[in-house]
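# Results of the structural survey
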Amino acid sequence: MTPVLTQHPATAHPPHIRDDMTVEVALSLMAGARVDHLVLCDGDDQSTGLVTLARLTVLRDAPTYTDRVRLRDVPDC
């Protein structure tokens, strides 16, 4: 028997992540989950915004980028 997909991927909820996660980990999570954005949450698990794959890709390609940058330190997130 073939499993039936019960939820269309376009309507699935994006993963929620904490804002203390590094950009590298967030990009890896996006690739694994096959999503183009993640919901940011604070220490109390309250939603504080979205972070997009496009925004993180631009940031990662900047000359000042290091692999220690946390999502809470990304402007416009």
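Residues numbered from 1 in each chain as written. Predicted model: local features only at pLDDT ≥ 70, side-chain atom pairs only at ≥ 80, totals over all residues. Heavy atoms only, no water.

## Points about the sheet that holds strand S1 (residues 16–18)
With mixed pairing, the three strands of this open sheet are ordered in space as S1-S2-S3. The open sheet terminates on both sides in strands that have one partner only, identified here as S1 and strand S3 (47–52). The sheet shows a mean angle of 40 degrees between the axes of neighbouring strands, direction not considered. As paired strands, strand S2 (residues 37–41) and S3 are joined by five bridges and run antiparallel to one another. Within S3, the residue paired with Val 39 across the bridge is Leu 50. (Pairing = 2+ DSSP bridges. Helix = DSSP H or I, 4+ residues; strand = E, 2+ residues; numbered from the N terminus. Axes fitted to C-alpha atoms, helices over the stretch in contact; angles between N-to-C directions.)

## Some words on the confidence of the model for the protein
Per-residue confidence for the protein gives a mean pLDDT of 84, with 82% of residues at or over 70. Segment residues 1–8: pLDDT under 50, and two contacts once partners within four positions in sequence are set aside and those in other chains are kept. (pLDDT = per-residue confidence, 0-100. Contact = heavy atoms within 4.5 Å.)

## Focus: the pattern of salt bridges
Under the criterion given, the structure shown has one salt bridge. For Arg 72, the salt bridge goes to Asp 19, with nearest N and O atoms at 3.6 Å. Of this pair, Arg 72 sits in the segment after helix H2 (53–60) while Asp 19 sits in the loop between S1 and helix H1 (23–33), and the two are 53 residues apart along the sequence. (Salt bridge = Lys/Arg side-chain N within 4 Å of Asp/Glu carboxyl O.)

## Digging into the environment of Arg 68
Within the secondary structure, Arg 68 is located in the segment after H2. Residues Arg 68 and Thr 22, 46 residues apart in the sequence, show an inter-C-alpha distance of 6.2 Å.

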